[in-house]
Amino acid sequence: MNIKLLKFIVIFMGFIIFFGVISLGIALYFKFKNLSSSNSIDAITINKPYKMNFLDYKLYDEKIYLSFENTKKLLINIYSIKTGKFIKKIEILK
């Protein structure tokens, strides 16, 4: 086998390994970056609506349903348990 061809193959495989390790490092970086941002939060702070009384809460399908009431209406707020973000408000008039 020609020595020049053997040197070319060794150098070419070295470049392939080098770029493979770099791309693996970049992929792992983005994977762990997305993993840390999707963790669930420890505490959710929710303010009670003005002049309304808290009735009840229900946990269902990774959502929390909070019920509030006053003399004119019943209010149900839906929040995501994972992110703590407000999803929807349901008002029921009495």
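Residues numbered from 1 in each chain as written. Predicted model: local features only at pLDDT ≥ 70, side-chain atom pairs only at ≥ 80, totals over all residues. Heavy atoms only, no water.

J.: For the pairing of strand β4 (residues 86–93), give the residues involved together with the corresponding values.
T.: As paired elements, strand β3 (residues 73–80) and β4 share seven bridges and run antiparallel to each other. Looking at β4, one finds that N77 is bridged to K89. Between the antiparallel neighbours β3 and β4 lie five residues, among them G84 with a positive phi of about 80 degrees. (Pairing = 2+ DSSP bridges. Helix = DSSP H or I, 4+ residues; strand = E, 2+ residues; numbered from the N terminus.)

J.: Now, about the packing of aromatic side chains: what can you tell me, with residues and values included?
T.: Pairs of aromatic rings are described using the distance from one ring centre to the other and the angle between the two planes. What the rule picks out here adds up to six aromatic pairs. Seen from their ring centres, F18 and F19 are 5.5 Å apart, and the 65 degrees between their planes marks the pair as edge-to-face. A residue is classified by how much of its surface remains accessible, and F18, at 48% relative accessible area, is partly exposed. With a centroid separation of 5.3 Å and 65 degrees between ring planes, the pair formed by Y29 and F30 is classed as edge-to-face. You can call F30 partly exposed: its relative accessible area is 43%. Within the aromatic cluster, the residues linked to one another by ring pairs are F15, F18 and F19. (Phe/Tyr/Trp six-rings, centres within 6.5 Å; stacked < 30°, edge-to-face > 60°. Buried < 20%, exposed > 50% of the residue type's maximum accessible area, 1.4 Å probe, protein only.)

J.: If you had to explain the nonpolar core to someone new, which residues and values would you point to?
T.: Grouped together as the largest cluster of nonpolar side chains are six residues: M52, I64, L66, F68, L75 and Y79. When residues of this core are traced back to their parent elements, those giving at least two are β2 (63–69) and β3. Top contributing element to this core by residue count: β2, with three residues. Dropping the residues within four chain positions of it, L75 is found in contact with P49, M52, L66, S67, F68, K89, I90 and E91. (Core = buried A, V, L, I, M, F, W, Y, C linked by side-chain atoms within 4.5 Å. Contact = heavy atoms within 4.5 Å.)

J.: Tell me about the confidence of the model for the protein, and name the residues and values.
T.: For the protein, per-residue confidence averages 88 on the pLDDT scale, and 93% of positions sit at 70 or higher. When mean pLDDT is taken per element in the protein, β2 scores highest with 94 and helix α1 (residues 3–37) scores lowest with 89. (pLDDT = per-residue confidence, 0-100.)

J.: Tell me about a nonpolar patch on the surface, and please be specific about residues and values.
T.: Taken together, M1, I3, L5, L6, F8, I9, V10, F12, M13 and I16 make up a surface patch of nonpolar side chains, about 1100 Å² in accessible area. Relative to the elements of secondary structure, L5 occurs in helix α1. The exposure class assigned to L5 is partly exposed, which follows from its relative accessible area of 41%. (Patch = residues over 30% accessible without salt bridge, like charges linked within 9 Å, V, L, I, M, F, W, Y side chains within 5 Å. Areas by Shrake-Rupley, 256 points an atom, 1.4 Å probe, with all protein chains shown as cover. Salt bridge = Lys/Arg side-chain N within 4 Å of Asp/Glu carboxyl O.)

J.: Hey, could you go over the environment of L55 for me, with residue numbers and the actual values?
T.: One can find L55 in strand β1 (residues 53–60). Accessibility expressed as a relative area gives 43% for L55, which makes it partly exposed. Considering only alpha carbons, one finds L55 and N34, 21 residues apart in sequence, at a separation of 37 Å. Leaving out residues up to four positions away in the same chain, L55 has contacts with S67, F68, E69 and L74.

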